[in-house]
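Below, each chain spelled out in residue letters.
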Amino acid sequence: MINRRGRRFVDEGEDGAMFTYAKYGRAILAEPGAKAYQIFDSQVVHLFEPRYATSEPITADKLEDLVAQLDIDNKAQAIHTLQEYNAAAKHAADGFDPTQKDGLATSGLAIEKTNWAIKLENPPYYAYSATGGITFTFGGLRIDENTQVIGTDWRPIGGLFACGEMVGGLFYDNYPAGTGLVSGATFGRIAGRTAAQLSSAGRAMTGAAA
């Protein structure tokens, strides 16, 4: 990935996409114009997830021609960045394995790519623009062990429950894909069970009073 200054700004090979997309989205938002470009060559396009098919990439048979089409401020720096990366990267035949962290790393860059660092060498080349998106906020409501919402007086609010992505204190800076759904299922079950117990207790008290 390169930003509008034509520079890389993260280790793109830190981990798989499902473990990095949240933090990389945040990183892109901090870059000029909250925008970056993902650069690929033709030897990896068959690995794209289906969502890439919903976008039209910028393509070219030369990296210089690809960069010329990008909406960035320093195209000369972008070309230098890609050339520098290629000089430090490996060939796919050196052990590239997209199914796991393969340890195929660059050497000598200010920001190393620690896995899947293969050269951009098989045209045509592809560029996709990228920015951050919103899945959920990391902040949320404080709850107790029964998922009752804690008020500003630090006491549970009767009859008010929260679960899933409404709950705060679960994540900070990053999260693995799917864990928001898991927290929703987990805390939702607790909330439903507790609410049912309170409802049953309320009906029993009403019946006893009658």
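Scroll up for the structure.
Heads up: these notes are all about the structure in this document. (Residues numbered from 1 in each chain as written. Predicted model: local features only at pLDDT ≥ 70, side-chain atom pairs only at ≥ 80, totals over all residues. Heavy atoms only, no water.)

## Some thoughts on the overall build of the chain
1) Next: Per the secondary structure count, the chain includes 4 helices and 6 strands.
2) Next: In the chain, the succession of α and β elements from N to C terminus is β-α-β-β-α-α-β-β-β-α.
3) Next: What you see for the chain is a C-alpha radius of gyration of 24 Å, clearly larger than the 17 Å of a compact globule of 210 residues, by over 25%.
4) Next: Along the three orthogonal principal directions, the C-alpha set of the chain runs to about 85 × 35 × 30 Å.
5) Next: In the chain, 63% of the contacts between residues at least 6 apart in sequence involve partners at least 24 apart.
6) Next: Carbon together with sulfur atoms contributes 55% to the accessible area of the chain, which is approximately 12,100 Å² in total.
7) Next: Positive and negative side-chain charges of the chain, numbering 19 and 24 respectively, have mean locations separated by a distance of 7 Å. (Helix = DSSP H or I, 4+ residues; strand = E, 2+ residues; numbered from the N terminus. Rg over C-alpha atoms; globule rule 2.2 N^0.38 Å. Contact = heavy atoms within 4.5 Å. Areas by Shrake-Rupley, 256 points an atom, 1.4 Å probe, with all protein chains shown as cover. Lys, Arg positive; Asp, Glu negative; His and termini not counted. Charge placed at Lys NZ, Arg CZ, Asp CG, Glu CD.)

## Some points on the packing of aromatic side chains
1) Next: Counted under the stated rule, the structure contains 6 aromatic pairs.
2) Next: Put simply, the rings of F40, F48, Y52 and Y128 touch in pairs and so form one group of aromatic residues. (Phe/Tyr/Trp six-rings, centres within 6.5 Å; stacked < 30°, edge-to-face > 60°.)

## Details of the nonpolar core
1) Next: Ranked by size, the top nonpolar core spans 19 residues in total, and within it Y37, I39, L70, L82 and L120 carry the most contacts.
2) Next: It is helix α3 (residues 75-88) that contributes the most residues to this core, 4 residues altogether.
3) Next: In contact with L120, other than residues within four places in its own chain, are I39, F40, D41, L63, L82, Y85, N86 and Y125.
4) Next: Core analysis: the second largest hydrophobic core is formed by 8 residues, M1, F9, Y24 and A130 among them. (Core = buried A, V, L, I, M, F, W, Y, C linked by side-chain atoms within 4.5 Å. Buried < 20%, exposed > 50% of the residue type's maximum accessible area, 1.4 Å probe, protein only.)

## Regarding the layout of surface pockets
1) Next: Considered as a void within the structure, the second largest pocket measures approximately 170 Å³ in volume.
2) Next: Around the second largest pocket, the lining residues are R7, R8, Q77, T81, E84, Y85, L109, A110 and I111.
3) Next: Class assignment for the residues of the lining of the second largest pocket results in 4 nonpolar, 2 polar and 3 charged. (1 Å grid on protein atoms, 1.4 Å probe; cavity = no way out; pocket = protein on both sides within 12 Å on 5 of 7 lines; lining within 4 Å. Points joined across faces, edges and corners; volume = space filled by probe spheres on them. Nonpolar A, V, L, I, M, F, W, Y, C, P; charged D, E, K, R; others polar.)

## Thoughts on the sheet that holds strand β2 (residues 36-41)
1) Next: The sheet built from 4 strands is open, its strands ordered β1-β2-β4-β3 with antiparallel pairing. Among the strands making up the open sheet, the edge pair consists of β1 (2-3) and β3 (58-60). (Pairing = 2+ DSSP bridges.)

## Some remarks on unusual backbone geometry
1) Next: Omega for the peptide link from P123 to P124 comes to 0°, which places this bond in the cis form.
2) Next: With respect to the helices, strands and loops of the structure, P124 is situated in the loop between α3 and β4 (125-130).
3) Next: The phi dihedral of A34 is positive, around 50°, even though this residue is not glycine.
4) Next: Topologically, A34 is positioned in the loop between α1 (17-29) and β2.

## Points about the pairing of strand β6 (residues 156-161)
1) Next: Sheet topology note: the strand β5 (residues 148-150)/β6 ladder contains 2 bridges and is antiparallel. By the bridge assignment for β6, I150 is matched with P156.

## Regarding the side chain of D11
1) Next: Structurally, D11 is set in the loop between β1 and α1.
2) Next: R8 is the oppositely charged side chain nearest to the buried, salt-bridge-free D11, at an N-O distance of 5.1 Å.
3) Next: Side-chain polar atoms of D11 contact the side chain of T114, separated by 2.7 Å.
4) Next: Filtering out sequence-adjacent residues up to four positions away, D11 remains in contact with Y24, I111, E112, K113 and T114. (Salt bridge = Lys/Arg side-chain N within 4 Å of Asp/Glu carboxyl O. Polar contact = N/O pair within 3.5 Å; in protein donor to acceptor, adjacent residues only side chain to side chain.)

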